[in-house]
Structures are given as C-alpha cells and as structure tokens.
2 protein chains.
Amino acid sequence: MRINANRLLTSLTELATIGALPGGGVQRLAFTAEDFQGRNYVAERLRLLGLEPRVDAVGNLFALRPGTDPDAPAVLAGSHTDTVANAGGFDGALGVLAAVEILARLQEVGVETRHSVGLVSFVNEEGVRFMPDMMGSLYVRGDLDPGTLRSIVGTDGTTVGDNLDRLGMAGSDSLIGTPIRAFLELHIEQGPELEGLNLPAGVVTGVQGLRWMVVRLKGHSNHAGTTPMAKRQDAGLVAGQVTTSVRKLARDIPGLRGTVGRVTLRPNLINVIPSEATLTVDLRHPDQNRLDDAVAKMKAGILRFAADEGVACEISETASAPAIEFDREVIEDIKAGMDSLGLEPHSLVSGAGHDAQIMATHCPAAMVFVRSRDGVSHNPREFTSDADCVTGADILLQAVLQLASG
Amino acid sequence: MRINANRLLTSLTELATIGALPGGGVQRLAFTAEDFQGRNYVAERLRLLGLEPRVDAVGNLFALRPGTDPDAPAVLAGSHTDTVANAGGFDGALGVLAAVEILARLQEVGVETRHSVGLVSFVNEEGVRFMPDMMGSLYVRGDLDPGTLRSIVGTDGTTVGDNLDRLGMAGSDSLIGTPIRAFLELHIEQGPELEGLNLPAGVVTGVQGLRWMVVRLKGHSNHAGTTPMAKRQDAGLVAGQVTTSVRKLARDIPGLRGTVGRVTLRPNLINVIPSEATLTVDLRHPDQNRLDDAVAKMKAGILRFAADEGVACEISETASAPAIEFDREVIEDIKAGMDSLGLEPHSLVSGAGHDAQIMATHCPAAMVFVRSRDGVSHNPREFTSDADCVTGADILLQAVLQLASG
C-alpha cells in the first residue's frame, strides 16, 4: 500500500496558505489566530474522513481510528503545525499531514488493524512566543499541569491561558493515560546529511543532547595604547580564546557540535581594552557521556583562560536536554519499511529538538527524516521536493502498518 | 631655580573648578563654554604676569617672553586644556599650567634668556566633539587651513566655525612662521610604567606609531544543532581566532601593543552560527618598521583564518599615526635637568597621542611624563601626586632654561 501522493502534496500547499507571508514562507506562531486556523484545517480534514477530532486542555489535537483489539495500545503519528517567525512550509506540517494521509488511506481502503492508529498534532513545538518549546508533548508526557501551563507568560505579556480562551482553542479530551504502542514522527532533516549522501530519507536513531552555557567575564577597562600587554585583564581576549577552543574541542571529540553564537563586549570601543564580555556556548552530542565530558572540559578551559588573564568568570547553564536514543524495535520497523520500498535504510541522529524526543521517555518512539535542500530550515527557503515528501510519508505508512498489526 | 610649588598646585585646583562635575572629575569638551572659560583662565594668568595672551584663527592661545637675541628661535612649552567627557584634572592641564608657572618664575626673578620663552595651549587635543584630535597643533604645523578647519562638522552637527564665532574664541595672531628652537610638553603618563618603577618622572623619547584596522567578516548563518562542524562558515569563529592571534603577535614582536576592543556578531543568537562579524584591531609600536611588519603579519593571518573557514573578509585601515622619535638634543637637555635635580633620567615611550608628536615634525620636541596612579586617565580617578606634579614642572623649568640660554 502507498499513500496518495497528490492528496498529500495538495494538503501541504493548502496548509501553507494559512499564515502565508507576502514574500514567501509562512508564519503561524503558537496560540495565534493563524496557528488556530492551521490546526482547524487538520481537524476539518479528519472530520471529512469520518474521524472525530479531539482537543485537550492545552490545545493538542488528536484522533484515533479504532483497531480490532480494544486493549491493544495505539500507534500514533504526528508532529506540529505551529512555526517560528518567517518560517518555511515543511517543518512540522509534513509530519502532521502525512499522518492525516495515512488515516485517509486506511479509511478509504478499509484496512483493519489490530492496534488503533492515531494522529496527534502538538501545540507550541517551536517555543517562540511561549517557553518551553515542545510544550504540547511535555503536557502529554505529564511534565506540565494545565494550571501551570496556562499561567506561562509570553513575549507579548499575555499568558497561554489568555490565548487559549480568546481563541477557544482548548478542549476537554485528553491523551494522558492512553496506552501508546509507538509514536512516529516524519520531519524534514533541517541539516545537510541526507543531501550530501544523495538519499531521500533516513531513520533517526536518536536526538543529540544539548547543553547551553552563558559565560560572563569581568576584566579591567584600560587604554589600548598605554597599558603594557603583561598588565592587561582583557575580557575580550578570553572570549576569543573560548570561541577558538570550542572549535578545537569539536575536533578532539568526534560527533561534538560546538557553537559560540553570541558575544557582547563592553565598552566595545576600538582603543579601549574590553572590561566585560558575555558569550554563549552551545554544545551537542548524541552520546550523553561524551556531551557531559565536553562540558566539563569546556568549563575547565574557560576557567583556565580567565585565570591566566586575571579576569573574573561566571558560568551559568541556561538549558540542557538529554541525549535521546529512540526505540530499537520502532527503528527496525522503520528500516523494514524503507527496505520494502527499495530504499537504503540509512541511520542518522537529529541535531534539532522534536516532540518525538519528549515522547521517547513516555512510549516507544522514533523518527523518519527527509532530505532538506541546503540543510536550510526555519526560513522561507526551507524546501523538500515533492518526491522526498511522498517517500517519507510512504515509509511512515509502512512502519505504522507493521506496528499496528503486530 | 625651582618653580613655586604652591602657586602651581593652586592653579591646578582653580582650573579644575571650570567644568567640574558633581561626582568629581571635570569636563571641558573642545569649543564649548567650559573650554573657552578654561582657556581664558590661562589667558588671565598671563595678563597678570604682564605677558600678552595671543590667540590665533582656530583658538590656540600662546604668549612669548622676549629673549635678548631677537633672531634666536623661541623655546615653547605647553599642552592643552580641553578634556574628554568625564575626565580628570591633570591630562593637558598640568602641561599648560607648568608653562604658566615657568613664565611666572622668569618674570618675578627677572631672568634674562637669549631665546624668547613662550607658552602654547593648543585647542581640541582630545578630538571628542570634532575630529581630528590634536587639531590645534596640526594647524600650527600647517596641516589644516582655517577654512577647512572651520567647516569641520562635530558630533552635534555644528561646525568648528559656528562654535568659534558663538564663543568669540578665535583671534587674529598666529604662531605659524615663528621660528621655534624647541617645543616641550609635560604630561601625565596615562600608563603604569613609572609607578611600577617607583619613579616620579621620566623623559619621553618618542610616541608609538599606531595603525587601526576594521575587519568585516561574512560567513553563513545556520542551525547550531544540525550543521556539521566541517560545513560551517562561522564568522564568529574567525573573529575569535583573530582576537587570539593579536595577543600571540604581541608576544612574538617585543614592544608591540595589540588590542581587539570591538566585536559585533550577527545575528548574535545562542543557537545560530554567526553569519557576520565586525571587529577592530589596534596595533602600536614605537618602531615604525616593526609596526608595519606587525600589520602585514596580522593582515595575512586574518586572510588565512577567513579562507580556512570559507568566510569572506574585508580589512580597512581606519587610522594610522607614524611612530615618532623625539629630538635627541632636547631629550639630553631634559635628562640633564633631571640629573641636576638628583632624579634618575629614565626614558620611556608614550602609548597615547600628544600635541608634541605633531610638533616633532615641525621643530625639535620632546616630553616629560609624571607618574599616573594606577595608570588611569580619561577618568575622574586620574591622579598624580602634588610632589610629582611639582617635580615634573621643575624638570621642565631646567630644560627650558638650558634650551633658552644656548
């Protein structure tokens, strides 16, 4: 069985008209009218398939197509339809619409499955207006109670609750407590690996762990012309040394990704030695032990550079996400699906965060990635070919059928 | 002969009341009412000594005490009374008031000198409101004609001419064409060398050359999590490598001072690889050849770092001042003066810019530095002890007497 390619691609085009930007690209920030409209487009598609769209207290949308065994846990597929600002049309949308398409095929062919098969479209995966990101899946996993969640204040000063009420976006159903056999998420890669290997798709075996540090350095501001080199306490120099050493660490620890994205100096004048520097360090690795090792080495290095220059140093960790390994059996089912479609079952690790990594500690989970042109995402230039979108959805369909029958 | 210590110190205190700031420190930005008042305080002191204060077309104040030989070129001492914003009371002021005090001693003792002895207080040495700095001495050297100079637009949109006219600060006399035997400038060190050596004063043998570069780097913005290390074009990394290499260069080339004072990244976000970086490099050396060598090495290094990362690079030189060696004979006269006062004739090089370096290519010139507490200047915390101020003025007096008699 294969998905209906035209129907999937048409739905991608239709969803991309909601929140479409004049210059190309889309914008459906979580808990805005556009986000609500995008979610309702999916709900309407479910209704047309004869499936009841259900909504929970935080706005997550889900639907279940019953299996023959009422005691068998559900096989769910999905992703999210909210976007970042000035986004593309594939991130999140493809995973949700592929799940709709799978349900559509099951309905029209009249396939009976032992397990029920369902769709879930999580709210606020992106975390642009309201933190934390992956809010909907965190709620389903049980990390956030509705009261706490509703009181979260966003960048515009309103709360999640204000927006849910204003839009009428919350419902009274719940996925919490529903036994889940597996959660599957199809997503664009957002990186260049598949394109580099000339492969349309791959199975995602895990998500990199992430640790963020903010480093605050305090030295001494002084005249660039009159201060001898040996008497300097140059916070900017230490920032430069940290930046350089992050790249060196990434060379020494295979698989490590390290980035200094933000550097701010004070007073930031051409002829004054910087007295203050603030910089960020973003470290990621698929293996938690290696990530922790990298952070420890990085911290020791930062303290050494600062001490050598006589600069005071304060390191705070501002975010941390554990490295996730997806479920082996689900990975094997996806690989078998790829194999049956004549595709090379290439494995890769996700560099970005996804709802599936939250669900992975709640139920068996894994992901399918499809090739991103130039590795670009979160941008109107984000692009995945029609053929690759269809291939990804077909892989998802094979894996769902396998998991729902067993 | 010695100067009158009390009179010198009283005049320093009195001048510091003009433009005094509530929290300490002073502010007499060039071509403001405070600057004009400061200059007029000096003019009034000259008048009380029976010397005629004269003013040129750009507001420079000078006075000459005739010598016995009308054909002998003048020996001048001076500095400036304008300040930076939020300044201290010694930078510039000490050099001008010491010159006033020397004239006062010559007048009251009735010393006859072969050469005439004079004072000059240059306008706009600091260059805060109006560029270039050292404007008054550049004018006397003949680098700027009055029309060009008057049309220079300041940070507030007014011109130098507007301000000269508003204040009535310009005159019709001129130092241009006056033969000058020597120009001597007493100044605070603005650095920590004398304090570190526990010496009250030193003779300045030259001024470091300076070259400023602005480096603009353009790489490629991308996701910190999904972009493999080998595929990055990280403009921020190159900025860090340049910063680190400036310090290394200063280790490799003795006497070099190198500073990266300004770094700006874009988009400057924790999880995005910086696509753009702008940074400044300030290099100084007392030896012009070594300075030029350092700049060449620096440029080659920057281009190599940028090329290795696939980052586009544009280097522009925004300022350059040649290394200056002061006149050997004037230096020897200052050393002889120090020796006669029982002081160790320590030589040092100026890290900051001064009117004397402009005058040095116009007439023989040299400087005397006195110890700065903590090397601080351009700040209300700027401080030189009474004893050191007096010592500096006494050295200046000995040198002037020597030069004016020979």
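None of these values were measured; they are calculated from a predicted model.

How each quantity is defined
- Residues numbered from 1 in each chain as written.
- Chains lettered and ligands numbered in written order.
- Predicted model: local features only at pLDDT ≥ 70, side-chain atom pairs only at ≥ 80, totals over all residues.
- Heavy atoms only, no water.
- Helix = DSSP H or I, 4+ residues; strand = E, 2+ residues; numbered from the N terminus.
- Buried < 20%, exposed > 50% of the residue type's maximum accessible area, 1.4 Å probe, protein only.
- Contact = heavy atoms within 4.5 Å.
- Areas by Shrake-Rupley, 256 points an atom, 1.4 Å probe, with all protein chains shown as cover.
- Lys, Arg positive; Asp, Glu negative; His and termini not counted.
- Charge placed at Lys NZ, Arg CZ, Asp CG, Glu CD.
- Domains from an automatic or database assignment.
- Buried area = accessible area lost by both parts, 1.4 Å probe.
- Salt bridge = Lys/Arg side-chain N within 4 Å of Asp/Glu carboxyl O.
- Least-squares fit on C-alpha atoms with pLDDT ≥ 70 in both.
- Nonpolar A, V, L, I, M, F, W, Y, C, P; charged D, E, K, R; others polar.
- Core = buried A, V, L, I, M, F, W, Y, C linked by side-chain atoms within 4.5 Å.
- Axes fitted to C-alpha atoms, helices over the stretch in contact; angles between N-to-C directions.
- Parallel < 35°, antiparallel > 145°, perpendicular 65-115°, else oblique.
- Left-handed = near helix turned anticlockwise from the far one by under 90°.
- 1 Å grid on protein atoms, 1.4 Å probe; cavity = no way out; pocket = protein on both sides within 12 Å on 5 of 7 lines; lining within 4 Å.
- Points joined across faces, edges and corners; volume = space filled by probe spheres on them.
- Expected span 1.5 Å × (residues − 1).
- Arc of directions from axis to C-beta.
- Polar contact = N/O pair within 3.5 Å; in protein donor to acceptor, adjacent residues only side chain to side chain.

(A) Structural view of the overall build of chain A. The helix and strand tally for chain A stands at 12 helices and 16 strands. The proportion of buried residues among the 406 residues of chain A is 59%. For chain A, the proportion of contacts with a sequence separation of at least 24, taken over those separated by at least 6, is 79%. Carbon and sulfur atoms form 49% of the exposed surface of chain A, whose accessible area is close to 14900 Å². Positive and negative side-chain charges in chain A, numbering 36 and 50 respectively, have mean positions lying 6 Å apart.

(B) Summary view of unusual backbone geometry. The peptide bond linking A:Arg266 to A:Pro267 adopts the cis configuration, its omega dihedral lying at -5°. Inspection of the secondary structure puts A:Pro267 in the loop between strand 10 (263-266) and strand 11 (272-273). The omega torsion of the bond from B:Met131 to B:Pro132 falls at 0°, within 30 degrees of zero and hence cis. With respect to the secondary-structure elements, B:Pro132 resides in the loop between strand 4 (117-122) and helix 4 (135-141). In this structure, A:Gln190 is a non-glycine residue whose phi angle is positive, near 65°. One non-glycine residue, B:Phe31, lies in the positive phi region at around 65°. One can find B:Phe31 in the loop between helix 1 (5-15) and helix 2 (33-48).

(C) Just the domain arrangement of chain A, in detail. Residue and element names in this part refer to chain A. Annotation of chain A at the domain level lists domain 1 (5-207 + 323-405) and domain 2 (209-321). For domain 1 and domain 2, the distance between their C-alpha centroids amounts to 37 Å. Across the boundary between the two partners, domain 1 contributes 6 residues, which contact 8 residues of domain 2. Summed over the three residues of domain 1 that lose the most area to domain 2, namely Ala323, Val349 and Gly351, the buried surface amounts to 76% of that side. The interface formed by domain 1 and domain 2 holds 0 salt bridges in total.

(D) The arrangement of the relation of the copies chain A and chain B in detail. Note on the copies: chain A fits chain B at an RMSD of 0.1 Å, the axial shift is 0.1 Å, and the rotation between them is 180°. Between the two chains, the operation in question is that of a two-fold axis. Considering only C-alpha atoms, the part of chain A nearest the rotation axis is A:Gly240, at 1.9 Å.

(E) Representation of the side chain of B:Gln241 within the structure. For B:Gln241, the position within the fold is in helix 8 (residues 235-252). Overall, B:Gln241 belongs to the buried group, its relative accessible area being 15%. For B:Gln241, the residues in contact, after removing those within four places along its chain, are A:Thr244 and B:Phe305.

(F) Expanded view of the interface of chain A and chain B. Counting residues at the interface gives 52 residues for chain A, matched by 52 residues for chain B. Together, the buried faces of chain A and chain B total about 4200 Å²; carbon and sulfur atoms form 56% of this surface. Remark: the boundary between chain A and chain B carries 2 salt bridges. One salt bridge connects B:Glu309 with A:Arg247, and the closest N-O pair in it is separated by 2.9 Å. Counting residues per element, the side of chain A that touches chain B draws most heavily on helix 8 (residues 235-252) of chain A, at 8 residues. When grouped by side-chain class, the residues that make up the side of chain A that touches chain B number 17 nonpolar, 24 polar and 11 charged.

(G) Representation of the nonpolar core in the model. Ranked by internal contacts, the top residues of the largest apolar core, which has 79 residues, are B:Val42, B:Phe183, B:Leu184, B:Phe326 and B:Ile334. Examining the composition of this core, we find that 11 residues originate from one element, helix 3 (residues 93-109) of chain B, more than from any other. Ignoring anything within four residues of it in the chain, the contact list for B:Ile334 reads B:Leu184, B:Val203, B:Ala366, B:Met367, B:Val368, B:Ile395 and B:Ala399. Residues A:Leu46, A:Ala77, A:Leu106 and A:Leu348 belong to the second largest nonpolar core, which totals 77 residues.

(H) Quick peek at the packing of helix 1 of chain B against helix 3 of chain B. All names here are of chain B. Packing of helix 1 against helix 3 leaves a shortest axis separation of 10 Å and a crossing angle of 140°. Taken together, helix 1 and helix 3 sit at an angle that is classed as oblique. For the pair helix 1 and helix 3, the crossing hand works out as right-handed. Side by side, helix 1 and helix 3 meet where Arg7, Leu8, Ser11, Leu12 and Leu15 of the first sit next to Ala93, Leu94, Leu97, Ala98, Glu101, Ala104, Arg105 and Glu108 of the second.

(I) Structural context of the pattern of salt bridges. All names here are of chain B. Counted according to the given criterion, the structure contains 37 salt bridges over all chains. Across the pair Asp69 and Arg114 runs a salt bridge whose closest N-O atoms are separated by 3.2 Å. Residue Asp69 is located in the loop between strand 2 (61-65) and strand 3 (74-80), and its partner Arg114 is located in the loop between helix 3 and strand 4; the two are separated by 45 residues in the primary sequence. Of the residues examined, Arg114 reaches a relative accessible area of 36% and is grouped as partly exposed. Residue Asp374 pairs with Arg381 through a salt bridge whose shortest N-O separation is 4.0 Å. Relative accessible area serves as the criterion here: at 46%, Asp374 is assigned to the partly exposed category.

(J) Local environment of empty space enclosed by the protein. By the definition in use, this model includes 6 cavities of 30 Å³ or more. By volume, the largest cavity amounts to about 80 Å³. What lines the largest cavity is simply A:Gly236, A:Ala239, A:Gly240, A:Thr243, A:Val263, A:Leu265, B:Gly236, B:Ala239, B:Gly240, B:Thr243, B:Val263 and B:Leu265. Of all the secondary-structure elements, those providing two or more residues to the lining of the largest cavity are helix 8 and strand 10 of chain A together with helix 8 and strand 10 (263-266) of chain B. The residue makeup of the lining of the largest cavity, split by class, is 6 nonpolar, 6 polar and no charged.

(K) Helix 10 (residues 328-340) of chain A, seen in detail. Residues and elements named next belong to chain A. The terminal C-alpha atoms of helix 10, which comprises 13 residues, lie 18 Å apart, in line with the 18 Å expected from a rise of 1.5 Å per residue. Turning to helix 10, its buried residues are Val330, Ile331, Asp333, Ile334, Gly337 and Met338. Buried residues in helix 10, looked at end-on, bunch into an arc of 160°, giving them a common side. Away from the buried face of helix 10 by more than 90 degrees, exposed residues Arg328, Asp339 and Ser340 are located. If you follow the buried residues of helix 10, they end up packed against strand 5 (180-188), strand 6 (201-207), strand 16 (365-370) and helix 12 (386-405). The backbone nitrogen of Glu329 lies 3.1 Å from a side-chain oxygen of the residue at the head of helix 10, namely Asp327. Of the residues flanking the end of helix 10, it is Gly342, one or two places downstream, whose phi is positive at about 75°.

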